[in-house]
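# Descriptive analysis of the structure
In case you want the letters, here they are:
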Amino acid sequence: MTYQKKLYSRINNSEMWPKFYKPDFLADLNNLANEAYAKKTTEGYLAALLIYHQLCEEMIKILIQCSNFFMQCAVFPNEIKTISFKREMFGQLIGELKRGVSNTEIKKFIEKCEDLNNLRIKMVHKITLKTSIRSIADQSKKAKKKFDDLCDIFIDEYDKYRVTFHNYEKNSEDWLDELDEKSKTY
């Protein structure tokens, strides 16, 4: 099957659009993080931060996939290469998101991701440099706020992508016409 036919099939099957592959488990992790945070203990704050950070990483991956899919649809019938995720680190994923489709909200999302990552580094890798347990609680409150803001931005941006994909789906018959015209010219 050609690249164009695969992309045509993908746009016409919303199950193949970018999405979380274990959404129920991720929701359970989010609930676990919120419960840990609500305990107001040092270990609860640290556990919540680590889970929030991992969930943030999953959101980044979805936005990268959305950006890639959007670009593929936008340049159809031309081909565009995209990356596949293996073991990219947080900073590499942020770099890839920066190279994709951008707008004011994505830029805010990236900034908040970087802030959350910096908080994680300060709290986890430099925990012995803390002067008090209170500072861990203060940093955790900042991390929770960043994560909640990230979730809000993610939901809005993901919804915008889904609407855009739906519009491409509605007009996908035009893609077949383009392919027919292209094949006639060669």
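Residues numbered from 1 in each chain as written. Predicted model: local features only at pLDDT ≥ 70, side-chain atom pairs only at ≥ 80, totals over all residues. Heavy atoms only, no water.

### Side note on the confidence of the model for the chain
Averaged over the chain, the pLDDT score is 89; the fraction of residues at 70 or greater is 92%. Ranking the elements of the chain by mean pLDDT puts helix α7 (residues 172-185) last, at 70, and helix α3 (residues 42-74) first, at 95. (pLDDT = per-residue confidence, 0-100. Helix = DSSP H or I, 4+ residues; strand = E, 2+ residues; numbered from the N terminus.)

### Topic: the pattern of salt bridges
In the structure shown here, the tally under the stated rule is eleven salt bridges. Notably, a salt bridge pairs E15 with K19, separated by 2.9 Å at the nearest N-O pair. The partner of K145 in a salt bridge is D149, and the shortest N-O contact between them spans 2.9 Å. Here the residue K145 and the residue D149 both occupy positions in helix α6 (residues 133-170), the gap between them amounting to four residues, near one helical turn. Owing to a relative accessible area of 18%, D149 belongs among the buried residues under this scheme. (Salt bridge = Lys/Arg side-chain N within 4 Å of Asp/Glu carboxyl O. Buried < 20%, exposed > 50% of the residue type's maximum accessible area, 1.4 Å probe, protein only.)

### Focus on the packing of helix α2 (residues 23-38) against α3
Between α2 and α3, the shortest axis-to-axis distance is 8 Å and the interhelical angle comes to 150°. The pairing of α2 with α3 is recorded here as roughly antiparallel in orientation. Crossing angle aside, the handedness with which α2 passes α3 is left-handed. Contact residues: α2 offers L26, L29, N30, L32, A33, N34, A36 and Y37, while α3 offers G44, Y45, A47, A48, I51, Y52, L55 and E58. Of the residues in the contact of α2 with α3, the class split is twelve nonpolar, three polar and one charged. (Axes fitted to C-alpha atoms, helices over the stretch in contact; angles between N-to-C directions. Parallel < 35°, antiparallel > 145°, perpendicular 65-115°, else oblique. Left-handed = near helix turned anticlockwise from the far one by under 90°. Contact = heavy atoms within 4.5 Å. Nonpolar A, V, L, I, M, F, W, Y, C, P; charged D, E, K, R; others polar.)

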